[in-house]
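If you want the building blocks of each chain, they are given just below.
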Amino acid sequence: MKNKLFIILGNQLFNSNFFSKFKKDHIFYMAEDYGLCTYEKHHKQKILFFLSAMRSFADEMMENSFEIIYKKIDESDFTITYVEKLKTEIKNLKISEVTLFEIEDKPFEKVIFKLLNDLVKVNYLSSPMFLTSRNEFKDYLSKVKKPLMANFYKNQRKRLKILVDQNSK
């Protein structure tokens, strides 16, 4: 039985290549979350689109032989917080190690880490969501007195060797 869990959040529906090296020894966990659906008044079609994308992604993962736990909106524990559902799965499956990509929502990241650090070993991976890592951005901030978006993006184009318009140099 696998004792490692890989958490996939709804905004982390990356190409399966990013998950494949964990396929052999991890169970993948996704959950539709009441809190996410209600913390702000979102248009119903936006919520439907979001949940549909998550379900399609989970189906694709299962078709590619990933072992996945997917908690749906129609399950009895839907209104229980994401963190409580996750905690229950970790305990029931006797998980010793959790892997996840960087969480962009800082308050949620803090809540997740409070739970995980008390329960398991955590592997925190750089997110493929952005071209610039958090460390690269921190490095940029340490080198400039007054960070300006235009300068940041000009530096990124140079770093990534993207053609820079002569007028913007």
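Preceding block: the structure.
The rules behind each value
- Residues numbered from 1 in each chain as written.
- Predicted model: local features only at pLDDT ≥ 70, side-chain atom pairs only at ≥ 80, totals over all residues.
- Heavy atoms only, no water.
- 1 Å grid on protein atoms, 1.4 Å probe; cavity = no way out; pocket = protein on both sides within 12 Å on 5 of 7 lines; lining within 4 Å.
- Points joined across faces, edges and corners; volume = space filled by probe spheres on them.
- Helix = DSSP H or I, 4+ residues; strand = E, 2+ residues; numbered from the N terminus.
- Phe/Tyr/Trp six-rings, centres within 6.5 Å; stacked < 30°, edge-to-face > 60°.
- Lys NZ or Arg CZ within 6 Å of the ring centre and 35° of its normal.
- Axes fitted to C-alpha atoms, helices over the stretch in contact; angles between N-to-C directions.
- Parallel < 35°, antiparallel > 145°, perpendicular 65-115°, else oblique.
- Left-handed = near helix turned anticlockwise from the far one by under 90°.
- Contact = heavy atoms within 4.5 Å.
- Nonpolar A, V, L, I, M, F, W, Y, C, P; charged D, E, K, R; others polar.

**Some details on the layout of surface pockets**
And then number 1: Of the pockets and cavities examined, the largest pocket occupies roughly 610 Å³.
And then number 2: Taken together, 23 residues form the lining of the largest pocket, with Asp-33, Leu-36, Tyr-39, Phe-50 and Asp-105 sitting closest to its centre.
And then number 3: Every element with two or more residues in the lining of the largest pocket is listed here: helix H1 (34-38), helix H2 (44-63) and helix H4 (106-119).
And then number 4: For the lining of the largest pocket, the element with the most residues is H2, which contributes five residues.

**Comments concerning the packing of aromatic side chains**
And then number 1: Considering all chains together, one arrives at 18 aromatic pairs under this definition.
And then number 2: Their ring planes at 65 degrees and their centres at 5.6 Å tell us that Phe-6 and Phe-101 sit as a pair that is edge-to-face. In this pair, Phe-6 sits in strand S1 (residues 4-7) while Phe-101 sits in strand S4 (residues 97-101), placing the two residues 95 residues apart along the sequence.
And then number 3: Judged by centre distance (6.1 Å) and plane angle (70 degrees), the rings of Phe-14 and Phe-18 are edge-to-face.
And then number 4: Over the aromatic face of Phe-66 sits the side chain of Lys-23, whose NZ or CZ is 4.8 Å from the ring centroid.

**With respect to the environment of Met-62**
And then number 1: Locating Met-62 in the fold gives a position in helix H2.
And then number 2: Expressed as a C-alpha distance, the spacing of Met-62 and Phe-28, which sit 34 residues apart in the sequence, is 9.9 Å.

**Section: the packing of helix H3 (residues 82-92) against H4**
And then number 1: Between H3 and H4, the least distance of the axes is 11 Å, while the angle of their chain directions is 20 degrees. Classified by the angle their axes make, H3 and H4 are roughly parallel. Our pair here, H3 against H4, has a crossing hand that is right-handed. Contact residues: H3 offers Tyr-82, Val-83, Leu-86, Lys-87, Ile-90 and Lys-91, while H4 offers Phe-108, Val-111, Ile-112, Leu-115, Leu-116 and Leu-119.
And then number 2: Among the residues forming the contact of H3 with H4, the class breakdown is ten nonpolar, no polar and two charged.

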